[in-house]
Amino acid sequence: MVVVAILAAGRGTRMKSHLPKVLHSLGGRSLVERVLESVEPLSPSRRIVIVGYQAEEVKAAMQSIPSLEFVEQTVQLGTGHAIQQLLPHLEGYTGDLLVLNGDLPLVRAQTLKKLLQTHQENHNAATILTAHLPEPKGYGRVFCNGENVVQQIVEDKDCTAAQRQNRRINAGVYCFRWQDLARVLPHLEANNAQKEYYLTDAVTQVGQVMAVDVEDYQEILGINDRLQLAAAYEILQQRVKEKWMIAGVTLIDPNSITIDETVKLHTDVIIEPQTHLRGNTVIQTGSRIGPGTLIENSQLGENVTVQYSVVTDSIVQAKSRIGPYAHLRGQAQVGTGCRVGNFVELKNTKLGDRTNVAHLSYLGDTTTGTKVNIGAGTITANYDGVNKHPTKIGDRTATGSNSVLVAPVTLGDDVYVAAGSAVTEDVPNDSLVIARSRQVVKPGWRKKQKSQE
Ligand code: UD1
Ligand code: CA
């Protein structure tokens, strides 16, 4: 049985931010949410987040996570002091406690499992995660004997010059037999450079402690400042992109592309430069996205192309071509084989199969049938200043250039709208509608005017 505690009470001074460090976002999720995700596969019996600095904000940000517990550390006197706050909450508990720093967003569940396993198999009082860092500055150094048994952990600020040469560092992930830890916690002292109660001091007092090295040291990079936040994002992106390239997706100029971990891509998708895929986006096989495109929370079918466009909260079915410079939003749905072209905006609009909206249009709250042709510059006037109204357009209907459809309005099947019309009333099937004043030509008008001058 394992209880998880996440240290999230610190301010994170080095972030130079009003936002508590653990709430800073990394690829769409906060640092502390990421830590929580990494422990999920261990099925902990309880998950406790220790909050302090801006506790209310931190709690509010995690409100929606079920059965999460919060314990307050009202003054931040160090990581050891933070864990002391658990004493009244874990009275009588006889299992293990997994402690993680809240600023450790890249750690893998697999690594935590291995730590827990080593801890339990060796009946250790504590087992800690360590790494050999090329640049260990700022981290606590871990000194072990030949059997990976920890002798001492010395914080960077407390190290002698010789101790600082040690590149084996404390990752900030610890597994404790709770009863052993609970015994030593009340006796911690703050005799150190930072005048803090260090959890690392407790580690060496509990009994036999083993160190487990992480395979990939990038996993345990702690986020203390914005440089490390950016470096972590890069590592995350690298993981995601490698995964998709191995799975059969082409990324052209991967460094200019960003992909959230939540995105799903199928084989033979091609992502062109400067393209960003976010949220719950799914892209089916053969589609080519970009360059210069943002797709967010959208589903794209097979063999879709999207160029220089923004697609959010929308669906595009197979073989449709979007862009350049299109904007789909608010549950837009594009059928198969459609074309949504230059400077076209679709909002809460459903296009039937093989419909074209090729140039300079706004369609809002509109439903079209199949094989509709929306002429250049057609606009649906869907808003009367108070309410939004729907527009319905039947199969094979075509609108002339620069026409306005004033909603609510319905055009039947096979309707033709004359260019420049302002359509305010419904139009039955098979009709031509001309809703503009007739052209008047007055020959010789200029000459006549001159003679009057
Ligand atoms: C800590 C470790 C160090 C390790 C490093 C790994 C200690 C004493 N040092 O150092 O050995 O190499 O992490 O990244 O533990 N926090 C609280 N309450 C407090 C102080 C901190 O909840 O009173 C939380 C912070 O919000 C943070 C975590 O504990 O999530 C670690 O604190 P931080 O100040 O970042 O510790 P480091 O100096 O990085
Ligand atoms: Ca840290």
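What counts, and where the lines are drawn
- Residues numbered from 1 in each chain as written.
- Chains lettered and ligands numbered in written order.
- Predicted model: local features only at pLDDT ≥ 70, side-chain atom pairs only at ≥ 80, totals over all residues.
- Heavy atoms only, no water.
- Donors = N, O, S within 2.8 Å, 3.2 Å for Na, K, Ca; no water.
- Helix = DSSP H or I, 4+ residues; strand = E, 2+ residues; numbered from the N terminus.
- Near = heavy atom within 4 Å.
- Polar contact = N/O pair within 3.5 Å; in protein donor to acceptor, adjacent residues only side chain to side chain.
- Areas by Shrake-Rupley, 256 points an atom, 1.4 Å probe, with all protein chains shown as cover.
- 1 Å grid on protein atoms, 1.4 Å probe; cavity = no way out; pocket = protein on both sides within 12 Å on 5 of 7 lines; lining within 4 Å.
- Sits in = over half its atoms within 2 Å of the grid points.
- Domains from an automatic or database assignment.
- Contact = heavy atoms within 4.5 Å.
- Buried area = accessible area lost by both parts, 1.4 Å probe.
- Phe/Tyr/Trp six-rings, centres within 6.5 Å; stacked < 30°, edge-to-face > 60°.
- Lys NZ or Arg CZ within 6 Å of the ring centre and 35° of its normal.
- Buried < 20%, exposed > 50% of the residue type's maximum accessible area, 1.4 Å probe, protein only.
- Core = buried A, V, L, I, M, F, W, Y, C linked by side-chain atoms within 4.5 Å.
- Disulfide = S-S within 2.5 Å.
- Points joined across faces, edges and corners; volume = space filled by probe spheres on them.
- Nonpolar A, V, L, I, M, F, W, Y, C, P; charged D, E, K, R; others polar.
- Pairing = 2+ DSSP bridges.
- Lys, Arg positive; Asp, Glu negative; His and termini not counted.
- Salt bridge = Lys/Arg side-chain N within 4 Å of Asp/Glu carboxyl O.

Under the annotation held in an unreviewed UniProt entry, the protein chain carries the name Bifunctional protein GlmU and is attributed to Amazonocrinis nigriterrae CENA67.

Asker: What is the right way to look at the coordination of the calcium ion (ligand 2) in this model?
Answerer: Ideal values differ by geometry: the angle at a metal is 109.5 degrees with four tetrahedral donors, but 90 or 180 degrees with six octahedral donors. The protein atoms that coordinate the calcium ion (ligand 2) are Asp103 (OD) and Asn224 (OD1), at distances spanning 2.4 to 2.6 Å. Taken as a pair, Asp103 in the loop between β6 (96-101) and α4 (109-121) and Asn224 in the loop between β11 (209-213) and α8 (226-246) lie far apart in primary sequence, 121 residues in all.

Asker: Could you clarify how one ought to interpret the site of ligand 1 in this entry?
Answerer: Taken together, 24 residues are adjacent to ligand 1, and Leu7, Gln73, Thr79, Glu155 and Asn170 come closest. A distance of 2.9 Å separates an oxygen atom of ligand 1 from a polar atom in the backbone of Gly10. Measuring from an oxygen atom of ligand 1, one finds a backbone N or O atom of Gly102 at 3.1 Å. In isolation ligand 1 exposes 760 Å². Once the protein is present, 91% of that is buried. Its atoms largely coinciding with the cavity grid, ligand 1 occupies the largest pocket.

Asker: Would you mind showing me how to read the domain arrangement of the protein chain here?
Answerer: Considered domain by domain, the protein chain is made up of domain 1 (2-224) and domain 2 (227-433). The gap between the C-alpha centroids of domain 1 and domain 2 is 46 Å. The interface of domain 1 with domain 2 comprises 16 residues on the first partner and nine residues on the second. Surface buried jointly by domain 1 and domain 2 totals about 1,100 Å² across both partners, of which 61% is contributed by carbon and sulfur atoms.

Asker: Mind showing me how you'd approach the packing of aromatic side chains here?
Answerer: The geometry of an aromatic ring pair is captured by two quantities: the separation of the ring centres and the angle between the planes. All chains considered together, the criterion is met by three aromatic pairs. Cluster of aromatic residues (ring-pair linked, three or more members): Tyr308, Tyr325 and Phe343. Here Lys388 stacks its cationic end above the ring of Tyr383, 5.2 Å away from the centre of that ring.

Asker: What exactly am I supposed to notice about the environment of Arg329 here?
Answerer: The topology assignment puts Arg329 in strand β25 (residues 326-329). Classification of Arg329 by relative accessible area gives partly exposed; the value is 29%. Not counting residues up to four positions away in its chain, the partners in contact with Arg329 are Thr312, Ser314, Glu345, Leu346, Lys347, Asn348 and Tyr362.

Asker: Would you mind showing me how to read the nonpolar core here?
Answerer: For soluble globular proteins, nonpolar side chains are generally found buried alongside one another. Within the largest apolar cluster, 42 residues are counted, with the highest numbers of intra-cluster contacts made by Ile259, Leu277, Leu328, Val334, Val340 and Leu346. Secondary-structure elements contributing two or more residues to this core are α8, β25, β28 (344-347) and β38 (409-411). When neighbours within four sequence positions are excluded, Leu277 is seen to be in contact with Thr258, Ile259, Asp260, Val263, Leu265, Ile271, Ile283, Ile289 and Ile295. Within the second largest apolar cluster, 35 residues are counted, among which are Val4, Ile6, Val49 and Ile169.

Asker: Whenever I open this one, the state of the cysteines confuses me. Can you help?
Answerer: Covalent bonding between the sulfur atoms of two cysteines defines a disulfide. In total, this model carries zero disulfides according to the counting rule given. No disulfide involves Cys175; its sulfur sits 16 Å from that of Cys144, the nearest cysteine.

Asker: For this particular structure, what's the right way to read empty space enclosed by the protein?
Answerer: The gaps of empty space that remain are located by a probe, the size of a water molecule, rolled over the atoms. This model, assessed by the stated rule, comprises one cavity of 30 Å³ or more. Taken as a whole, the largest cavity encloses approximately 30 Å³ of empty space. A per-element tally of the lining of the largest cavity places α8 first, with four residues. Tallied by class, residues from the lining of the largest cavity come to four nonpolar, two polar and three charged.

Asker: Whenever I open this one, the sheet that holds strand β36 (residues 398-399) confuses me. Can you help?
Answerer: Working definition: the strands of a sheet are paired by backbone hydrogen bonds and lie parallel or antiparallel to each other. A sheet is described by the order of its strands in space; here eleven strands give the open sequence β12-β15-β18-β21-β24-β27-β30-β33-β36-β39-β41, paired in parallel fashion. With one partner strand each, in any of the chains shown, β12 (250-251) and β41 (432-433) form the two edges of the open sheet.

Asker: Is there a simple way to think about the pairing of β25 in this case?
Answerer: When a strand is regular, its side chains alternate between the sheet's two faces. The two faces of β25 differ: Ala326 and Leu328 on one face are buried, but His327 and Arg329 on the other face are not. As judged from the two bridges shared by strand β22 (residues 310-312) and β25, these two strands associate in the parallel manner. Residue Val310 lies in a different strand from β25, and its bridge partner there is His327. Bridge count between β25 and β28: four bridges; the pairing is parallel. Following the sheet pairing, His327 is matched in β28 by Glu345.

Asker: Can you help me understand the side chain of Glu155 in this one?
Answerer: With respect to the secondary-structure elements, Glu155 resides in the loop between β9 (150-154) and α5 (161-164). Buried within the structure, Glu155 lacks any salt-bridge partner; its nearest side chain of opposite charge belongs to Arg141, at an N-O separation of 8.0 Å. Not counting residues within four places of it along the chain, the set of residues in contact with Glu155 comprises Tyr139, Gly140, Tyr198 and Thr200.

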